[in-house]
Amino acid sequence: MIRTEEMLLNVGPQHPSTHGVFRLVLKIDGEIITEARPVIGYLHRGTEKLAEDLQYTQIIPYTDRMDYLAAMTNNYVLCHAVETMMDLEIPERAEYLRIITMELGRIASHLVWWGTYLLDLGATSPFLYAFREREMIINMLNEISGGRLTFNYMRVGGVKWDAPEGWIEKVREFIPYMREQLKGYDQLVTGNEIFMNRVKGVGTYTKEDALNYSLSGANLRCTGIKWDLRKEEPYSIYDRFDFDVCIRDGGDAWARYHVRLSEIGESLKILEQAVEQFPSEGAVLGKVPKVIKPPKGEAFVRIESPRGEIGCYIASEGKKEPYRLKFRRPSFYNLQILPKLLVGQNMANLIAILGAIDIVLGEVDG
Amino acid sequence: MDGEKDLEQLKKEAAAKAKAAALAKKKEKEQSTTEEVSAEEEPMDIAKQKAAAAAKAKAAALAKKKEKEQTTTEEVSAEEEPIDIAKQKAAAAAKAKAAALAKKKEKEQSTTEEVSAEEEPIDIAKQKAAAAARAKTAALAKQSADTGDVEKAKAIAAAKAKAAAAAKAKAAAQGKSAGGSDEKAKAIAVAKAKAAAAAKAKGKASGADSAAVSEEEKKPSPNQPVLDKYIKIIEEHLGKSILEDSYINELSKDVPTLVAKPEAYFRLAEFLKYNEQLSFDFLSELHGTDFETHMEIYTHLFSYKNRHSLALKVKVARENPEIDSLQPLWAGANWPECEAYDLLGIRFNGHPDLHRIMLGEDWIGYPLRKDYEPYDVEV
Amino acid sequence: MLGLAKGLTYTLKNLTRKKLTYDYPHEPLPLPDRFRGIQKFYPEKCIVCNQCANICPTDCIQLTGKKHPDPNKRGKIIETYDINFEICILCDLCTEVCPTEAVIMTNNFELAEYSRDELFKDLVWLDENDENLRKVNKA
Amino acid sequence: MMEGLLAAEASWLNFGIFFLLAVVLLFVVLGFVTYAILAERKVMGFMQLRYGPNQVGGRFGLLQTVADVLKLLIKEDTIPKLADRPLFILAPVIAFTPAFMVLAVIPFTDKFYFADIGVGLLYYIAISGLTTIGIVTGGWASNNKYALMGGMRAAAQMISYEIPLVMSVIGIILLTGSLNLNDIVEAQKNGWFIIWQPIAFIVFLIAAVAELNRVPFDLPEAESELVAGFHVEYSGFRWAFFMLAEYVYMFAMASLITVIFLGGWLPLPFLGFIPGAVWFALKFTVVIFILIWFRVTFPRIRADQLMEFGWKVLLPVALANIFLTAILKELLNIF
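Residues numbered from 1 in each chain as written. Chains lettered and ligands numbered in written order. Predicted model: local features only at pLDDT ≥ 70, side-chain atom pairs only at ≥ 80, totals over all residues. Heavy atoms only, no water.

Going by what an unreviewed UniProt entry lists, chain C is known as NADH-quinone oxidoreductase subunit I and is assigned to Cytobacillus purgationiresistens. As its UniProt record puts it under Cofactor (unreviewed entry), chain C is described as follows: "[4Fe-4S] cluster". Its UniProt record gives chain C a comment under Sequence similarities (unreviewed entry), which states: "Belongs to the complex I 23 kDa subunit family." (UniProt positions renumbered as here; feature names shortened; annotations may be inferred.)

Chain A goes by NADH-quinone oxidoreductase subunit D in an unreviewed UniProt entry, where it is assigned to Cytobacillus purgationiresistens. What the UniProt record of chain A gives under Subcellular location (unreviewed entry) is the line "Cell membrane". What UniProt states about chain A under its Subunit (unreviewed entry) heading is, verbatim, "NDH-1 is composed of 14 different subunits. Subunits NuoB, C, D, E, F, and G constitute the peripheral sector of the complex."

Next comes the structure, spelled out in structure tokens:
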């Protein structure tokens, strides 16, 4: 008679594939997971509490540090919330700069995801190829904002800096280059049989589950729900651009992979049009009162970040500091489905599933 | 200038007392509140003898606010300008400006220094007593920001600003009654001014006293029919007494907002999710807020079928806050509710796994409550 | 199998491509002018307006002023100016609000020290930090 | 020279000579491992658009591995408190010894080999199977869950892939009628076995990569899943032994592939003037390069798929290859 017993395994908080300080307490039977309990909070910095003592401009650098892979969208969601409350007019040129930087950020974020996901699956090279392109984007964003990751670029009413000379040209040149590289990515990874076997049918969930668990972004679109806030509830000037919402039907990691890769292509489309339409001159900061004081009341806005719906709730007392500031952090919501997906899977799939959700721990923990 | 000085000397005692009070207040959290209110109230303060004039000024200020404040220099000063003119009193104007400038400088540690720095040029301006030129001078003075030699005047002015701040802070805290540290005559004006300021801040609320304002704001929201429809459906099925309030939140992209009664919260949420016509199948956001008088849960729901958003709110008692969990309806409410429990101490009944998700079970206190005091074992 | 072969050709092609790494410590990194590095401080330009200390989101700037030594001149001059780089996040807001550009960013970013105390930079240090200055400081 | 020595009577002198030769070989192998690691890092680097080691020992980083080894040697030797101490110490030795032992039967040229035993191929496969014990022991003795899982994976994997590995070479044994590696090389005068036995070559290559625990079959130490797998608790010198075993096996396996499929030291037609040793080295390098190339390109296969692939694909293919070879041999009678 062989006696078997379940084993309790702590994956993380220090583990190569948890993408930060994230811990999973697993009950495993051999390599099969019977129960999973995520433990988060290791990176909780109390952004929302800190923000209650800060002026709106001062909060912007803090938003950089939530989803540090796509800080532009974080910058934007805060500014957008304040602008919505104050009903501010944003100059045309600023809107375009915002769109361009946000879309560049989206591409960079998806590239990091692509590289690290393959790294999780054991392939080392895609990571470096992805970082080659990402480095170019980061350099461009560095040039315009002065920061490589923590941009602190957007301001209530516009953006901090105008585009430097020749910057738009650089973006323009980047677009065809990136398209070319995308083909290379497909060649290297997408058709790879080992890769396909790793991700097809892994971490599958249905439309209903996706909605029930409040998933958003690529995690929602991979189940066939056509939903992209850029398209459906256009903010900024997204209604001027022609692009598709990428969806897949599988609901598995393979579908999520495809949604993210094709989103890079769609972002390039937006960039192409934005660069074409970019106004030759104009202000980049609108007429904004020197002390930013949204009227008394509350507002909740949501926009599409690379990871899903990022939202910002502001309760204002009409002062220069928010009374309560709350971010709807997509990674935090997306991660909730993880325990459900893990039951019955083995250790190797754990990595494939966790990676495909695409979390950033800075965002999960707020 | 002389007039003001006399006034100050008379008040000296009271001011000193008030200063102490202000300092004590500062230790507490309401630093910003004090500053804020004082800045806005300062002019009103002077206007105590002329209540009527103040009211007029207020109306003018409101009118001005309705327009877009084009001048980025100083919104407050712009607001106060009409009061100046109405009063035609140089001293009062100088004070108003001082307050406005003080307001611009936010941080407390340097308040004394700062206020004094700004005060000085205004003294000069006072002597000139030219209302129109004043704004310009102040702006210029701000740029150069030279420090004063009129030490006495400075100190007095600073003290006065503080006294007012203290009074105002108290007024704000108590709601309607005026601060006790100031003179009685002042108190009435303060209370009035406060009410006016509140009304002004609300701005768009229908209850504004001036007719012009309310008329302008009465434009119906495009989402009004949607809200009406929701309410109709809800009332048909669940009865009239389930909602505490319902309105369109114009600040938040016109989202229809329902405020449920706590006992009917879960029932309403359930109905919102499963009713054919509503079917809010996606919970976009859930969080709590401490409004000091009560706690509030804010839920942003979305229906992929109807492509429509809805904000659902519920007020929870601040002492021992408890409410039904939405987790059985939307699995996505799981962690957000844990977060609200962790940071605000709201307990969700029926939640399968309510734990302190961010801070850990051994954390003492609920940080997002407004009366939170950090507990540190080391200290 | 075809997919595997395609992947192999892709990596093989990259064998001879131009390498992209920087020879960092030996060659300085090329950084754009706007890069936000350690601040440079001009004591003579400072008017002790306190705006930088007020806007700082992490409260890492401390400064004191004193009366102008020349009795004919009004205003204040700077006495001490400290930035605590343990908590400074190089967000650029201090240079953004400074009315006289007395504090500006540089392109220097190497801040590693053996002791935390050394991260506390004072007026003299910040004044001497005068290489790779940022040319354009206001948008 | 080797033939004479091997045929000679056992004597202390003979022992001395062999001992000396073994030590020389050990150093050759260590030298190889040093530069194989460097080569791997360089090739990986170049394929990944970076330079690889270029600081220690000139711009090619020639002394990088030496520095790494020195670092490992002077590192603190840690043994977990709850580890099974004797086994923990023994495991790296068990893993390394067979790796070195198998080198004895590899003929590097027609003149240079250490043993000429009739069952050379069998010897190689039998001895190399022992390493699994070392790895499982290490995984178990560490008293770490990741290590245990890595150890179990290693055991399962190496046992499963040993079978197709052996089966694939049976075709060659059928053709040559010998298990002696020298004979196998000699039999390739008419054409390398990669041409006569392409299916066997592919199966053998895949199984060999799996045996070596290299990408895409690096499950026992799968970094992103099991952190470092069976050697997660090992550090310093003991860890170096596992590493060494891995690379010595790479050396041995590349040599074996060269010998049984690529014609060993045999030259290409019309290029006979180049010495055999050079030919061997060239072919050997190509095999090593292919192993590294795989590592750069492929993601890791999943544990259950690995087993499925081994038993359901490789083994039947290898068996089919045996039948095919037997039939062809009977029908065509080429050998």
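S.K.: Quick question: what am I supposed to make of the interface of chain B and chain A here?
M.R.: Quite often, the size of an interface is put as the accessible area lost when its parts meet. Contacts between chain B and chain A engage 60 residues on the former and 59 residues on the latter. Buried area between chain B and chain A, both sides added, is near 5,100 Å², and the carbon and sulfur share of it is 52%. For chain B, the biggest contributors to the area lost against chain A are L251, W335 and M358 of chain B; these three give 15% of the whole. One can count six salt bridges joining chain B with chain A. Between R307 of chain B and E232 of chain A there is a salt bridge; the shortest N-O distance is 3.2 Å. (Contact = heavy atoms within 4.5 Å. Buried area = accessible area lost by both parts, 1.4 Å probe. Salt bridge = Lys/Arg side-chain N within 4 Å of Asp/Glu carboxyl O.)

S.K.: Looking at this structure, how should I read the packing of helix α11 (residues 224-238) of chain B against helix α12 (residues 265-274) of chain B?
M.R.: For any two helices packed against each other, one specifies the inter-axial angle together with the distance between the axes. Residue and element names in this part refer to chain B. Following both chains from N to C, one finds α11 and α12 inclined at 115°, their axes separated by 11 Å at the closest point. The element α11 and its partner α12 pack so that their crossing is right-handed. For the pair formed by α11 and α12, the contact residues are I233, I234, H237 and L238 on the first element and R267, L268, F271 and L272 on the second. Within the contact of α11 with α12, the residues separate by chemical class into six nonpolar, one polar and one charged. (Axes fitted to C-alpha atoms, helices over the stretch in contact; angles between N-to-C directions. Helix = DSSP H or I, 4+ residues; strand = E, 2+ residues; numbered from the N terminus. Left-handed = near helix turned anticlockwise from the far one by under 90°. Nonpolar A, V, L, I, M, F, W, Y, C, P; charged D, E, K, R; others polar.)

S.K.: Honestly, the sheet that holds strand β3 (residues 32-39) of chain A in this entry has me stumped. Any pointers?
M.R.: Hydrogen bonds between backbone groups are what pair the strands of a sheet, and the pairing can be parallel or antiparallel. Strand order in this open sheet of three strands is β1-β2-β3 (chain A), and the pairing throughout is antiparallel. Because the sheet does not close on itself, it has two edges, and the strands there are β1 (7-11) and β3 of chain A. Between one strand and the next, the sheet's axes are offset by a mean angle of 20°, whatever the strand orientation. Of the pairings in the sheet, the one linking strand β2 (residues 23-29) of chain A to β3 of chain A comprises seven bridges and is antiparallel in character. Following the sheet pairing, L24 of chain A is matched in β3 of chain A by P38 of chain A. Against the sheet, helix α7 (residues 145-176) of chain D engages β1 and β2 of chain A, with an angle of about 105° to β1 of chain A. (Pairing = 2+ DSSP bridges.)

S.K.: Please explain helix α13 (residues 276-297) of chain D as it appears in this structure.
M.R.: Along an α-helix, a turn takes 3.6 residues, which lines up residues three or four apart on a common side. For α13 of chain D, built from 22 residues, the straight-helix expectation of 32 Å at 1.5 Å per residue is met to within 8% by its first-to-last C-alpha distance of 32 Å. Along α13 of chain D, the residues classified as buried are W279, F280, K283, F284, V287, I288, L291, I292, W293, F294, V296 and T297 of chain D. Lining the buried residues of α13 of chain D we find α5 (125-145) and α6 (167-190) of chain A, α1 (2-14) of chain C together with α2 (12-47), α10 (198-211) and α12 (236-261) of chain D. (Expected span 1.5 Å × (residues − 1). Buried < 20%, exposed > 50% of the residue type's maximum accessible area, 1.4 Å probe, protein only.)

S.K.: Would you mind going over the environment of A10 of chain D with me for this structure?
M.R.: Residue and element names in this part refer to chain D. Structurally, the position occupied by A10 is in the loop between α1 (2-7) and α2. We classify A10 as exposed; its relative accessible area is 80%. Separated by 65 residues in sequence, A10 and K75 place their C-alpha atoms 42 Å apart.

S.K.: I'm lost on the sheet that holds strand β3 (residues 76-84) of chain C in this one. Help?
M.R.: Strands sit in the order β2-β3-β5 (chain C) across an open sheet of three strands; the sheet is antiparallel. One side of each edge strand has no neighbouring strand; the edge strands of this open sheet are β2 (61-67) and β5 (120-121) of chain C.

S.K.: When you look at the environment of M102 of chain A in this model, what are you seeing that I'm missing?
M.R.: Residues and elements named next belong to chain A. Tracing the backbone through its elements, the reader meets M102 in helix α4 (residues 92-120). Sequence separation between M102 and Y76 is 26 residues, and the spatial gap between their C-alpha atoms is 8.3 Å. Apart from residues lying up to four places away in sequence, M102 is in contact with M72, T73, Y76, M154, Y235 and Y238.

S.K.: How should the packing of aromatic side chains be read in this particular structure?
M.R.: Between two aromatic rings, the relevant description is the distance of the centres plus the angle of the planes. Residue and element names in this part refer to chain A. Scanning the model with the defined rule gives 48 aromatic pairs over all chains in all. Here the aromatic rings of F174 and Y177 are separated by 6.3 Å at their centres, their planes lie at 45°, and the arrangement is tilted. With F174 and Y177 both in helix α6 and three residues apart, this pair spans about one turn of that helix. The class of F174 is buried, set by a relative accessible area of 3%. (Phe/Tyr/Trp six-rings, centres within 6.5 Å; stacked < 30°, edge-to-face > 60°.)

S.K.: Sorry, what's going on with a nonpolar patch on the surface here?
M.R.: Residues and elements named next belong to chain D. Together, Y35, V56, F60, L62, L63, V66, V69, L70, L73, I74 and F237 make up a nonpolar patch on the protein surface, roughly 1,000 Å² of accessible area in all. Looking at which element gives the most residues to the nonpolar patch, the answer is helix α3 (residues 64-74), with five residues. Turning to its location among the elements, L70 is positioned in helix α3. (Patch = residues over 30% accessible without salt bridge, like charges linked within 9 Å, V, L, I, M, F, W, Y side chains within 5 Å. Areas by Shrake-Rupley, 256 points an atom, 1.4 Å probe, with all protein chains shown as cover.)

S.K.: Is there a simple way to think about the side chain of E133 of chain A in this case?
M.R.: All names here are of chain A. Within the secondary structure, E133 sits in helix α5. A distance of 2.7 Å separates polar atoms of two side chains, one belonging to E133 and the other to R132. With near-sequence residues (within four places) excluded, E133 lies in contact with L111, F174, Y177, M178, Q181 and Y185. (Polar contact = N/O pair within 3.5 Å; in protein donor to acceptor, adjacent residues only side chain to side chain.)

S.K.: What exactly am I supposed to notice about the nonpolar core here?
M.R.: Across soluble globular proteins, nonpolar side chains show a tendency to be buried alongside one another. Counting 185 residues, the largest nonpolar core has L26, I100, L104 and W167 of chain A as its most contacted members. At 14 residues, the largest contribution of residues to this core is made by α4 of chain A. Sequence-distant contacts of L26 of chain A, that is, excluding residues within four places in its chain, are made with M7, L8, L9, V11, I33, E35, A36, L342, M347 and L350 of chain A. One finds L8 of chain C together with W192, A252 and A254 of chain D within the second-largest nonpolar core, a separate group that totals 82 residues. (Core = buried A, V, L, I, M, F, W, Y, C linked by side-chain atoms within 4.5 Å.)

S.K.: Where do I start with the interface of chain A and chain D in this structure?
M.R.: Taken together, the contacts link 33 residues of chain A with 25 residues of chain D. For the pair chain A and chain D, the two sides together bury roughly 2,400 Å², of which 58% comes from carbon and sulfur. The interface formed by chain A and chain D includes zero salt bridges. There are ten residue pairs in polar contact (both at pLDDT 80 or more) connecting chain A and chain D. Among the elements of the structure, β1, α4, α5, α7 (193-199) and α14 (347-357) of chain A are those that each provide at least two residues to the side of chain A that touches chain D.

S.K.: Quick question: what am I supposed to make of helix α3 (residues 71-86) of chain A here?
M.R.: Here α3 of chain A contains 16 residues, and its C-alpha end-to-end distance of 23 Å stays within 8% of the 22 Å for a straight helix at 1.5 Å per residue. One or two steps after α3 of chain A, the chain reaches D87 of chain A, where phi turns positive at roughly 55°.

S.K.: Whenever I open this one, unusual backbone geometry confuses me. Can you help?
M.R.: Trans peptide bonds make up most of the peptide bonds, and negative phi angles are found at most residues other than glycine. Although it is not a glycine, D358 of chain A adopts a positive phi angle of roughly 65°. Structurally, D358 of chain A is set in the loop between α14 and α15 (361-365). You will see that V48 of chain C, though not glycine, has its phi angle at about 50°, which is positive. Relative to the assigned elements, V48 of chain C resides in the loop between β1 (39-41) and α2 (51-55).

S.K.: Help me understand the environment of P176 of chain A, please; the structure alone is not making it clear to me.
M.R.: Residue and element names in this part refer to chain A. Looking at the secondary structure, you find P176 in helix α6. In this structure P176 comes out as partly exposed when scored by relative accessible area, which is 48%. Along the chain, P176 and V159 lie 17 residues apart, while their C-alpha atoms are 27 Å from each other.

S.K.: Quick question: what am I supposed to make of the state of the cysteines here?
M.R.: All names here are of chain C. Applying the stated rule across the entire model yields zero disulfides over all chains. Summary of cysteine pairing: C60 is not part of a disulfide, and the nearest cysteine sulfur, belonging to C56, is at 3.6 Å. On the basis of relative accessibility, which here comes to 4%, the residue C60 falls in the buried class. C91 carries a free sulfur, and the closest cysteine sulfur to it, the one in C56, is 6.1 Å from it. Residue C91 is classed as buried on the basis of its relative accessible area, which comes to 8%. (Disulfide = S-S within 2.5 Å.)

S.K.: Please explain the pattern of salt bridges as it appears in this structure.
M.R.: Side chains that differ in charge, positive against negative, can pair when their charged atoms come close. In total, this model carries 58 salt bridges over all chains according to the counting rule given. Between D228 of chain A and R230 of chain A there is a salt bridge; the shortest N-O distance is 2.9 Å. Assigned by exposure class, D228 of chain A and R230 of chain A land together as buried. We note a salt bridge from K121 of chain C to E113 of chain C, for which the minimum N-O separation is 3.0 Å. Judged by its relative accessible area of 3%, K121 of chain C is buried. You can call E113 of chain C partly exposed: its relative accessible area is 36%. Through salt bridges with shared partners, a single ionic network connects E103, R106, R221, D228, R230, E263 and E304 of chain A.

S.K.: Please clarify how the pairing of strand β8 (residues 324-328) of chain A should be interpreted in this entry.
M.R.: The two faces of a sheet get side chains in turn, since along a regular strand they alternate between them. Residues and elements named next belong to chain A. Among the five residues that make up β8, five are buried, leaving the element largely enclosed by the rest of the structure. Of the two faces of β8, the one lined by R324, K326 and R328 and the one lined by L325 and F327 are each fully buried. With five bridges connecting them, strand β7 (residues 308-316) and β8 associate as antiparallel partners. Among the inter-strand pairings, C312 is bridged to a residue of β8, identified as F327.

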